[in-house]
Amino acid sequence: MDSVEKTTTTRSEQKSSRKFLKSLIRKQPQELLLVIGTGVSAAVAPGIPALCSWRSCIEAIIEAAEQLEVLHPGDIAEFRRKVMKDRDLLVVAHDLIRKMSPDCLMEIFDSLEQHIQNPLVLQSILSLMERGTMVLTTNYDNLLEIFGQQQNKPMESLDLKDKTKVLQWARGHIRYGVLHIHGLYTDPCGMVLDPSGYKDVTQDPEVMEVLQNLYRTKSFLFVGCGETLRDQIFQALFLYSVPNKVDLEHYMVVLKENEDHFFKHQADMLLHGIKVVSYGDCFDHFPGYVQELATQICKQRSPDADGVDSTTLLGNACQDCAKRKLEENGIEASKKLRPSDTDDAGGS
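Keep in mind that this is a model prediction, so the values were computed, not measured.

A few points about the overall build of the protein chain
Part 1 of the reasoning: Regarding its fold elements, the protein chain presents 17 helices and nine strands.
Part 2 of the reasoning: Put simply, the protein chain has 348 residues, and 49% of those count as buried.
Part 3 of the reasoning: Summed over its atoms, the accessible surface of the protein chain is roughly 17,100 Å², and 47% of this surface lies on carbon and sulfur atoms.

Given below as structure tokens:
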């Protein structure tokens, strides 16, 4: 009995210690665009080292290339040296995949459905998608699509090279579409790892306007992402031509291993209009945090719902946006908005 009580207390304490930004949990799901990175795959399928990080992915690809003898031993040694020394692992990954046989990716990502051990994060993402949240990923894997199909959702993997599909997705017409901006391991020949490979996309005014409009009008929520803002393709699609980024309202959920690094990262990201919040100092806290965050967001009622009141409206936007929404709906915004932007798991 004491053991049960202790476990319950520990879980309760962990839940109550979670902090969420009010401006985030008050968003409508359809106001968000979820950007998922390797952290999501690492939490879902910890048995596949290649999914854990860019470094792990590169190391697994090198190992497969060596076993399959599709890279010269000199190249193998050079890439191993780069993995140890180079800071920009995305560039290393790009160079490696350009040189190797596509079979290496098929080798390391084989039978993904058998490796889903912790689907909590995927279920949380699906619950947001059901309510209108858009999803894009830098990952090569299709774990989310596999899991969604198991839940009888009409999941669809999208590629930047298919203009029609990209436009449909960007305009919100493919609810269960997942845009893979690097491509998918199941189609290695279609994978492109630098902006020059997407000339047809980046030089198409219609596509670029629609995509960059998403960064201006949606709140991007980066989950399980570490290097995404340094990713050349992500930069080309969303960052280069979007002015006044500091005035935007995006979010990034990160691990806080080191306080100094965390607060410096927080300050740096504000220049991109991104608010950084920690899910804790241990990766084990990540799935539970994402689940609770998704639950909080999914609780929000649409401002179009019958009987909407000023409290609901205020709960769906930042301070300035809330005031504007009230005025647009003919409601006098007489109450002073609270300046605090943080809250615990219970919301405000």
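Observations concerning the packing of helix α8 (residues 120-130) against helix α9 (residues 143-150)
Part 1 of the reasoning: At their nearest, the axes of α8 and α9 sit 10 Å apart, and the two run at 75° to each other. Our classification of the angle between α8 and α9 gives roughly perpendicular. Taken together, the residues of α9 that come into contact with α8 (itself represented by L122, Q123, I125, L126 and M129) are L143, L144, F147 and G148.
Part 2 of the reasoning: The residue inventory of the contact of α8 with α9, partitioned by class, reads seven nonpolar, two polar and no charged.

Here we look at α8
Part 1 of the reasoning: The buried fraction of α8 amounts to eight of the 11 residues, a majority that puts the element mostly inside the structure.
Part 2 of the reasoning: Taken together, the buried residues of α8 touch β2 (32-36), α3 (38-44), β3 (134-137), α9, β5 (177-180) and α15 (286-298).
Part 3 of the reasoning: Where α8 terminates, the next one or two residues include G132, which has phi positive at roughly 110°.

Describing the sheet that holds strand β6 (residues 219-223)
Backbone hydrogen bonds hold the strands of a sheet together, and the pairing may be parallel or antiparallel.
Part 1 of the reasoning: The seven strands are arranged β4-β5-β3-β2-β6-β7-β8 in an open sheet whose pairing can be described as parallel. A strand with exactly one partner marks an edge of an open sheet, and here the two such strands are β4 (156-159) and β8 (274-280). Direction aside, the axes of adjacent strands within the sheet are offset by 25° on average.
Part 2 of the reasoning: Both β6 and strand β7 (residues 250-255) contribute to a ladder of three bridges, which runs parallel.

Describing unusual backbone geometry
Part 1 of the reasoning: If you check the backbone angles, E69 has positive phi at about 55° while not being a glycine.
Part 2 of the reasoning: Within the secondary structure, E69 is located in the loop between α4 (54-68) and α5 (73-85).
Part 3 of the reasoning: With phi around 65°, N152 is a residue other than glycine that occupies positive phi space.
Part 4 of the reasoning: Tracing the sequence through the fold places N152 in the loop between α9 and β4.
Part 5 of the reasoning: Given the relative accessible area of 71%, N152 is considered exposed.

What to know about the nonpolar core
Part 1 of the reasoning: Core analysis: the biggest nonpolar cluster contains 67 residues, and V40, I61, F109, I125, M129, L144 and L293 have the highest contact counts within it.
Part 2 of the reasoning: Ranked by the residues each element gives to this core, the list is headed by α4, at eight residues.
Part 3 of the reasoning: In this structure, I125 is in contact with L34, I36, V40, V135 and L144, ignoring residues within four places of it in sequence.
Part 4 of the reasoning: By size, the runner-up hydrophobic cluster in this structure holds 38 residues, among which are V166, A170, M208 and L211.

As for the pairing of β3
Part 1 of the reasoning: Of the two faces of β3, the one lined by M134 and L136 and the one lined by V135 and T137 are each fully buried.
Part 2 of the reasoning: Sheet analysis places β2 next to β3, joined by four bridges and oriented parallel. Paired with L34 across the bridge in β3 is V135.
Part 3 of the reasoning: Examined bridge by bridge, β3 and β5 share three bridges and lie parallel to one another. Looking at β5, one finds that L136 is bridged to L179.

Comments concerning empty space enclosed by the protein
Part 1 of the reasoning: Here the structure, examined in full by the defined rule, presents three cavities of 30 Å³ or more.
Part 2 of the reasoning: Approximately 100 Å³ is the volume attributed to the largest cavity.
Part 3 of the reasoning: In this structure, the largest cavity is lined by T38, S41, A50, L51, S53, W54, C57, F109, T138, N139, Y140 and D141.
Part 4 of the reasoning: Every element with two or more residues in the lining of the largest cavity is listed here: α3 and α4.
Part 5 of the reasoning: As a volume, the second largest cavity reaches approximately 70 Å³.
Part 6 of the reasoning: Lining the second largest cavity we find 13 residues, and of these I36, N139, D141, L143 and L144 sit closest to its centre.
Part 7 of the reasoning: Of all the elements in the fold, those that place two or more residues in the lining of the second largest cavity are α3, α9 and β5.
Part 8 of the reasoning: The dominant element in the lining of the second largest cavity, judged by the number of residues it contributes, is α9, at three residues.

Rules used in this analysis
In this convention, every chain numbers its residues from 1, walking through the sequence in written order. Local features in a predicted model are, by the rule used here, given only for residues with pLDDT of at least 70; side-chain atom pairs are given and counted only at 80 or more, and totals for whole chains, interfaces and linings are based on all residues. Heavy atoms throughout the structure, all of them, feed into the side-chain values; hydrogens and water do not. Counting from the N terminus, the helices are the DSSP runs of H or I reaching at least four residues and the strands are the DSSP runs of E reaching at least two. To sort residues, take the accessible area from a 1.4 Å probe on protein chains only and compare it with the maximum for the residue type: under 20% means buried, over 50% means exposed, and anything in between is partly exposed. In these tables, accessible area is a Shrake-Rupley quantity obtained with a 1.4 Å probe, and a residue counts as shielded only by the protein chains included in the view. Orientation is described by lines fitted to C-alpha atoms, with helices fitted over the stretch in contact, and by angles between N-to-C directions that extend from 0 to 180 degrees. For this classification, under 35 degrees means roughly parallel, over 145 means roughly antiparallel, 65 to 115 means roughly perpendicular, and everything else is oblique. Should any heavy atoms of two residues lie within 4.5 Å, those residues are considered in contact. Throughout this entry, Asp, Glu, Lys and Arg are counted as charged residues, while Ala, Val, Leu, Ile, Met, Phe, Trp, Tyr, Cys and Pro are counted as nonpolar. The remaining residues, Gly among them, count as polar. Note: two strands are recorded as paired if DSSP finds a minimum of 2 bridges between them. Nine residue types can take part in a nonpolar core, namely buried Ala, Val, Leu, Ile, Met, Phe, Trp, Tyr and Cys, and a core is a set of them joined through side-chain atoms within 4.5 Å. The distinction between a cavity and a pocket rests on a 1 Å grid over the protein atoms alone: a 1.4 Å probe fits inside a cavity but cannot get out, while a pocket stays open yet meets protein on both sides within 12 Å along at least five of seven lines, and a residue with an atom within 4 Å of a point counts as lining. Grid points are joined across faces, edges and corners, and a volume is the space filled by probe spheres set on the points.

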